[in-house]
Amino acid sequence: MKTRTLGRTGPTVSALGLGAMGMSDAYGPTDRAESVATVHAALDAGVTLIDTGDFYAMGHNELLLAEALRGRDRDSYALSVKFGMLRGPGHEFGGPDNRPEAVKNFLAYSLTRLGTDHVDVYRPARLDPTVPIEDTVGAIKEMVEAGHVRHIGLSEVDAATVRRAHAVHPISDLQIEYSLLSRAVEADVLPTLRELGIGLTAYGVLGRGLLSGTWTPGRPGDHRGTTPRFSAGNVEHNLALVEALRRVAEAKGRTVAQLAIAWVAARGADVVPLVGARTRDRLAEALPAVDPHLTADDLAEIEGAVPAGSARGDRYPTAHMANLGVGN
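The following paragraphs examine the structure supplied in this document.

## Notes on the overall build of the protein chain
And then number 1: In terms of helices and strands, the protein chain carries eleven helices and twelve strands.
And then number 2: Computed over the C-alpha atoms, the radius of gyration of the protein chain is 18 Å, within 12% of the 20 Å expected from 2.2 N^0.38 for a compact globule of 328 residues.
And then number 3: With the C-alpha coordinates aligned to their principal axes, the bounding extent of the protein chain is approximately 55 × 40 × 40 Å.
And then number 4: Counting every position in the protein chain, which comprises 328 residues, the buried fraction comes to 57%.
And then number 5: Taking all contacts inside the protein chain whose residues are at least 6 apart in sequence as the whole, residues at least 24 apart take part in 76%.
And then number 6: Here the protein chain has roughly 12900 Å² of accessible surface; of this, 53% comes from carbon and sulfur atoms.

## Let's talk about the side chain of Ser35
And then number 1: Along the chain, the position of Ser35 falls in helix H1 (residues 32-44).
And then number 2: When its relative accessible area of 2% is taken as the criterion, Ser35 is described as buried.
And then number 3: The residues touching Ser35, leaving out its near neighbours within four places in the chain, are Met23, Leu64 and Arg278.

## What to know about the packing of aromatic side chains
And then number 1: Using the criterion set out here, one finds five aromatic pairs in the structure.
And then number 2: Here Phe55 and Tyr56 contribute two aromatic rings whose centre-to-centre distance is 5.0 Å and whose plane-to-plane angle is 75 degrees, an arrangement assigned as edge-to-face.
And then number 3: The exposure class assigned to Tyr56 is buried, which follows from its relative accessible area of 7%.
And then number 4: When the ring of Tyr178 is compared with that of Trp263, the centres are 5.6 Å apart and the planes differ by 70 degrees; the resulting orientation is edge-to-face. Highlighted residues: Tyr178 in the loop between strand E10 (171-177) and helix H6 (189-196) and Trp263 in helix H8 (residues 256-265), separated in sequence by 85 residues. Residues Tyr178 and Trp263 agree in their burial class; the two are buried.
And then number 5: One aromatic cluster is present, formed by Phe55, Tyr56 and Phe93 through successive ring pairs.
And then number 6: The positively charged end of Arg87 is found above the aromatic ring belonging to Phe93, 4.3 Å away from the centroid.
And then number 7: Residue placement shows Arg208 over the ring face of Tyr316; its charged tip is 4.4 Å from the ring centre.

## Things to note about the environment of Leu180
And then number 1: Mapped onto the fold, Leu180 is located in the loop between E10 and H6.
And then number 2: With a relative accessible area of 1%, Leu180 lands in the buried category.
And then number 3: Separated by 129 residues in sequence, Leu180 and Gly309 place their C-alpha atoms 8.8 Å apart.
And then number 4: Every residue in contact with Leu180, bar those within four places of it in the chain, is listed here: Leu211, Leu245, Ala260, Trp263, Ile302, Glu303 and Val306.

## What about the packing of helix H2 (residues 60-69) against helix H3 (residues 100-114)?
And then number 1: The interhelical angle for the contact between H2 and H3, taken along N-to-C directions, is 35 degrees, at an axis separation of 7 Å. Two secondary-structure elements touch here, H2 through Glu62, Leu63, Leu65 and Ala66 and H3 through Ser110, Arg113 and Leu114.
And then number 2: Its residues assigned to classes, the contact of H2 with H3 shows four nonpolar, one polar and two charged.

## Some details on the nonpolar core
And then number 1: Among the nonpolar cores identified, the biggest contains 87 residues, and Val39, Tyr122, Leu200 and Leu245 are the most heavily contacted of them.
And then number 2: Take this core: its biggest share by element is eight residues, from H8.
And then number 3: Every residue in contact with Tyr122, bar those within four places of it in the chain, is listed here: Val81, Phe83, Val103, Phe106, Leu107, Ile140, Val149, His151, Ile152 and Gly153.
And then number 4: Core analysis: the next-biggest nonpolar cluster, separate from the first, contains ten residues, Leu49, Ala78, Leu274 and Leu324 among them.

## Comments concerning the environment of Phe230
And then number 1: Among the structural elements, Phe230 can be located in the loop between strand E11 (199-203) and helix H7 (235-251).
And then number 2: Through-space distance from the C-alpha of Phe230 to that of Tyr316 is 9.9 Å; in sequence the pair is 86 residues apart.
And then number 3: Among residues more than four places away in sequence, those in contact with Phe230 are Gly207, Arg208, Leu210, Trp215, Arg224 and Val235.

## Examining helix H5 (residues 159-168)
And then number 1: Ala159, Thr161, Val162 and Ala165 are the residues of H5 that are buried. All buried residues of H5 fall inside an arc of 155 degrees around its axis, so they share one side.

## Thoughts on H8
And then number 1: Here H8 lies mainly inside the structure; ten of its ten residues are buried.
And then number 2: Those residues of H8 not exposed but buried are Val256, Ala257, Gln258, Leu259, Ala260, Ile261, Ala262, Trp263, Val264 and Ala265.
And then number 3: Buried residues in H8 make contact with strand E1 (3-5), E11, H7, strand E12 (271-275), helix H9 (280-286) and helix H10 (296-305).

So, how was this worked out
- Residues numbered from 1 in each chain as written.
- Predicted model: local features only at pLDDT ≥ 70, side-chain atom pairs only at ≥ 80, totals over all residues.
- Heavy atoms only, no water.
- Helix = DSSP H or I, 4+ residues; strand = E, 2+ residues; numbered from the N terminus.
- Rg over C-alpha atoms; globule rule 2.2 N^0.38 Å.
- Buried < 20%, exposed > 50% of the residue type's maximum accessible area, 1.4 Å probe, protein only.
- Contact = heavy atoms within 4.5 Å.
- Areas by Shrake-Rupley, 256 points an atom, 1.4 Å probe, with all protein chains shown as cover.
- Phe/Tyr/Trp six-rings, centres within 6.5 Å; stacked < 30°, edge-to-face > 60°.
- Lys NZ or Arg CZ within 6 Å of the ring centre and 35° of its normal.
- Axes fitted to C-alpha atoms, helices over the stretch in contact; angles between N-to-C directions.
- Nonpolar A, V, L, I, M, F, W, Y, C, P; charged D, E, K, R; others polar.
- Core = buried A, V, L, I, M, F, W, Y, C linked by side-chain atoms within 4.5 Å.
- Arc of directions from axis to C-beta.

This is how it looks when you write it as structure tokens:
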């Protein structure tokens, strides 16, 4: 497994990261034993970056990772943890809470659930409009100085917020959705990251399963049915884009998912794709894609199949779009 460094100040991690959310939340029924086996397979394949959030199934995901990581050398992997999204007993979201005292509270619970004494990258999941980003980053900075956090990251914020946060403490990376279907980051945010020497960890590289080439509707507990890109009238158009990409992929001897991941990996050495593989089979499919070997002609052909801005529908429900620093 090749490695990449998250910005000028961040950790060196595998060129492909594992996003663990789907093992606990959002995409329907899960298999705990298969999830643990998938984490083990990822580690054995050289994947060192594992991403979670304390609000993924209200702590379930962190507890799952604690089980999967038990007995592993703590220095052999890096944990990226998002915090600050409030949830209720019915799993409903209650908005962000990034107050300094809340930062320390959330971190204390995460360290306990994960069974570790430090988090490698700690980041607010969304910007809290009631709390200056300087205050939130300042609180995480105190946790860095105390040894509980190694690096500070951000998630889904705009370029101006990145600058303000970076002025308080060096930011290792911004985690944001980036795929063939979601390219808004390219306009202002990505150039700002590169100016400041900040990395990008890209989630949603398969468009929440649209670009996997295997998505089917109707799975119980799958929240994607509430997302505009998966709604009737939009999803048919978006799946037609996937079929166009599939034709390109098959001509190159790849799956559509592999080509979609390779495209993100090819955006630059400062970009680390996160794949939300929930099974060993999906992980095995993703692993070869991290070494893209895409020529300029390959990239033009891929982007001809899925042109920038061609996806229909917002990437989140309307109420959630307001919490994002960039659009689609």
